[in-house]
Amino acid sequence: IFLVIAAVLGARAVLREDAVAPVVRFDVAPPSGGFFPGANNVPRFVVSPDGKYVAFEASPGAGKPFQLWIRRLDSTDAQPLPPTATNNLALQQPFWSPDGQYIAFFDEPEGRLKKIDIQGGAAQTLCELPSNQFGGTWNADGTILMATAGTNGVRRVSATGGVPTQVTTLDT
């Protein structure tokens, strides 16, 4: 009976970990002299899967193209990734790989889905797409799903690249 009681008490101790997560507050600011896309200069950011980084789109100044920036949440300094867009408003809707090593994004004027390693290097094109993507998600199995504007449904492509295939078709 002693072993049963010890097992129950041990299980309760393990299961009763603090269920309340601490509150976290932080600012996401554009680079000095820079700005966020859109009319209201509101940041569009995504937090990495491990919760250590935030990535966002910003221009370092008037007339300069938008870039992806990453910042560790334990720091106040953001670092730009190598140029990712072909023109001033090309970069859209970034999202993280499950391991946090890559950020995928849409290059709208080129009609391409691209990814970039956060450790450096040039952006790689994964596939060609019609414009007006609403966002994506990078699944642990290496599949990227993308939502499209209008009635185009959801498409899928491998995280290594390829031709996107239709996953859903909306009933118009």
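The paragraphs below set out a description of the structure included in this document.

Calculation notes
The written sequence of each chain sets the order in which its residues are numbered from 1. In keeping with the model being predicted, local features are shown solely for residues with a pLDDT of at least 70 and side-chain atom pairs are shown and tallied solely at 80 or more, while totals for entire chains, interfaces and linings include all residues. Processing note: side-chain calculations cover all non-hydrogen atoms of the structure and skip hydrogens and water entirely. Helix and strand labels come from DSSP, where a helix needs a run of H or I of at least four residues and a strand needs a run of E of at least two; each type is numbered from the N terminus. The rule is simple: take the accessible area with a 1.4 Å probe, protein chains only, and divide by the maximum for that residue type; under 20% is buried, over 50% is exposed, in between is partly exposed. Contacts are assigned to residue pairs that have any heavy atoms within 4.5 Å of one another. The method behind every accessible area is Shrake-Rupley, applied with a 1.4 Å probe, and residues are considered shielded solely by the protein chains displayed. Two strands qualify as a pair provided that DSSP identifies no fewer than 2 bridges between them.

## Quick notes on the overall build of the protein chain
Then comes step 1: Along the backbone of the protein chain there are one helix and 12 strands.
Then comes step 2: Traced from its N-terminal end to its C-terminal end, the protein chain shows the element sequence α-β-β-β-β-β-β-β-β-β-β-β-β.
Then comes step 3: Relative to its full complement of 172 residues, the protein chain shows a buried share of 33%.
Then comes step 4: In the protein chain, the proportion of contacts linking residues at least 24 apart, taken out of those at least 6 apart, comes to 30%.
Then comes step 5: Surface accessibility of the protein chain: about 10,200 Å² in total, with carbon and sulfur atoms responsible for 55%.

## Side note on the sheet that holds strand E4 (residues 79–80)
Then comes step 1: With respect to topology, four strands assemble into an open sheet ordered E1-E2-E3-E4, the strand pairing being antiparallel. Each edge of the sheet is formed by a strand with only one pairing partner; in this case those strands are strand E1 (45–47) and E4.
Then comes step 2: In terms of strand pairing, E1 meets strand E2 (residues 53–58) through three bridges, oriented antiparallel. Pairing of Phe-45 across the sheet is with Phe-56, part of E2.

## Some points on the sheet that holds strand E9 (residues 133–138)
Then comes step 1: The strand order across the open sheet formed by four strands is E9-E10-E11-E12, and the pairing between neighbours is antiparallel. Edge positions in the sheet fall to E9 and strand E12 (165–166), since each has one partner strand and no second.

## Notes on the environment of Gln-124
Then comes step 1: Looking at where Gln-124 falls in the secondary structure, it is placed in strand E8 (residues 124–128).
Then comes step 2: The sequence separation of Gln-124 and Ala-104 amounts to 20 residues, and the corresponding C-alpha distance is 9.3 Å.
Then comes step 3: In contact with Gln-124, not counting residues within four places along its chain, are Leu-113, Lys-114 and Lys-115.

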